[in-house]
Amino acid sequence: ENEVALRGSVSTGFRAPGLQQLWYSTIATQFFNDPDTGMATPVNILISPNRSAVTEAFGVPHLKEETSVNFSGGFTARLFSNLALSADYYRVAIKDRVVLTALFDTGDAVLGDAITSIVSPFPGVGATQFFVNAVNTTTNGVDIVLDYSYRLPNGQLKLTAAANFTSTTVDKVNVPQSMLDKFSGIPGGADRVSELFLGRYGRNRLEDLLPRQKGTLGARWDRGPLLIGLRGNFFGQIGRAHV
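This report concerns the structure included in the present document. (Residues numbered from 1 in each chain as written. Predicted model: local features only at pLDDT ≥ 70, side-chain atom pairs only at ≥ 80, totals over all residues. Heavy atoms only, no water.)

1. Points about the sheet that holds strand E8 (residues 131-152)
One open sheet holds the seven strands; their spatial order is E1-E4-E5-E8-E9-E10-E11, and the pairing between them is antiparallel. Sheet topology places strand E1 (3-15) and strand E11 (226-235) at the edges, where each strand pairs with a single neighbour. The average angle at which neighbouring strand axes cross in this sheet is 15 degrees, direction not considered. Sheet analysis places strand E5 (residues 83-100) next to E8, joined by 16 bridges and oriented antiparallel. When the sheet's bridge partners are listed, Leu 83 is paired in E8 with Tyr 148. In this fold helix H6 (residues 199-207) packs onto E5, E8 and strand E9 (155-173), with an angle of close to 150 degrees to the strand it touches most, E9. (Pairing = 2+ DSSP bridges. Helix = DSSP H or I, 4+ residues; strand = E, 2+ residues; numbered from the N terminus. Axes fitted to C-alpha atoms, helices over the stretch in contact; angles between N-to-C directions. Contact = heavy atoms within 4.5 Å.)

So, in C-alpha cells, the structure goes:
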C-alpha cells in the first residue's frame, strides 16, 4: 500500500560566538606571489582576538550572537512496500554572521601607515585580520533520498541513492560604522576599509568553497550475521578566487 506524508517547519534561532572566534590569536607566515617579480613572498599575518588592543584600535565591535530564520518543507513516501522516497527543501537566512575579515596590509597605499602603527607591538607582522559580525547570508538547499529493498533467495539487497543541492549567497556586508569612523580622518580611509573588509576571497569562502552538489550511491547485501556493502560518493566542483 502506498503511503505519503508531508512535513514542514518554521523556526528562529541564534548562535553565540564560539570561543575560538572570541579568543583565537596567532601569527602565521603565508606566501603570496609578487605580481611584479612572480616570486613567492612571505608575509607574517596576525589574527587578533576580539577585544584585544589591535581590534579596539581598528574599531571592531564586540562579537554578538548570530540570528537566523529557518524554513523547511518536504514529503516522504513509501511505494510498492519496498520503495521509499523523500525530498526536502530548506532555507536558512543568517543575520550578523561571524566571519574572518580580509587582510589589512601594512603596505596598503591608503591605510598602510595607520595599520603599521596599530600592529607595531608585533615586530615583523605585515598584515592583520579578525573575526567580526558583518555578513548576512541565505542558504537554499534540497535533499533527495531513494531507498529500494529486494528480497533475494539468499538474503536481502538494499539500494540507496541520495543527492543534495545547496547554495549560499552573501546578501549584505555590514562594515561596522565604528571601523569607518576610526579611519575617517585619513583621506579615502573609510572607503578603503569598505573595499578591503571582506574582499573577493572572503565572499568566495562563504559562497563557493563548499560543493553545491553531493551524491551517494550505495548497495548492501544482508544474510544473517553477514553484511557486505559498497558505497560511492560524488562531490561537485568548488571555486577558489585568486588573490
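Next comes the rest of the write-up.
2. Thoughts on helix H5 (residues 189-196)
Among the residues of H5, those classed as buried are Gly 189, Val 193 and Leu 196. Mapping the buried residues of H5 onto a view down its axis gives an arc of 75 degrees, with all of them on the same face. Looking at H5, the residues exposed on the side facing more than 90 degrees away from the buried face are Asp 191 and Glu 195. (Buried < 20%, exposed > 50% of the residue type's maximum accessible area, 1.4 Å probe, protein only. Arc of directions from axis to C-beta.)

3. With respect to H6
The complete set of buried residues in H6 reads Gly 202, Asn 204, Leu 206 and Glu 207. At its buried positions, H6 is contacted by E5, E8 and E9.

4. Here's the deal with the side chain of Thr 168
With respect to the helices and strands, the residue Thr 168 is situated in strand E9. A distance of 2.8 Å separates polar atoms of two side chains, one belonging to Thr 168 and the other to Thr 139. (Polar contact = N/O pair within 3.5 Å; in protein donor to acceptor, adjacent residues only side chain to side chain.)

5. Remarks on the sheet that holds strand E6 (residues 104-105)
On the basis of which strands lie adjacent, the open sheet formed by four strands has the order E2-E3-E7-E6 and mixed pairing. Both outer strands of the open sheet, strand E2 (26-33) and E6, are each paired with one neighbouring strand and no more. Of the pairings in the sheet, the one linking strand E3 (residues 40-47) to strand E7 (residues 125-129) comprises four bridges and is parallel in character. Looking across to E7, one finds that Asn 44 is bridged to Val 125.

6. Things to note about the nonpolar core
Residues Phe 58, Phe 104, Leu 111, Val 135, Met 179, Val 193 and Phe 197 are the most contacted members of the largest nonpolar core, which totals 25 residues. Among the secondary structure elements, those contributing two or more residues to this core are helix H2 (53-58), helix H3 (112-118), E8, helix H4 (177-182) and H5. Among the elements that take part in this core, E8 stands out by supplying three residues, more than any other. Ignoring sequence-local partners within four residues, the contact set of Phe 197 consists of Thr 101, Ala 102, Phe 104, Val 132, Ala 134, Val 173, Val 175, Pro 176 and Met 179. Core analysis: the second largest hydrophobic core is formed by six residues, Ile 47, Leu 63, Val 98 and Phe 131 among them. (Core = buried A, V, L, I, M, F, W, Y, C linked by side-chain atoms within 4.5 Å.)

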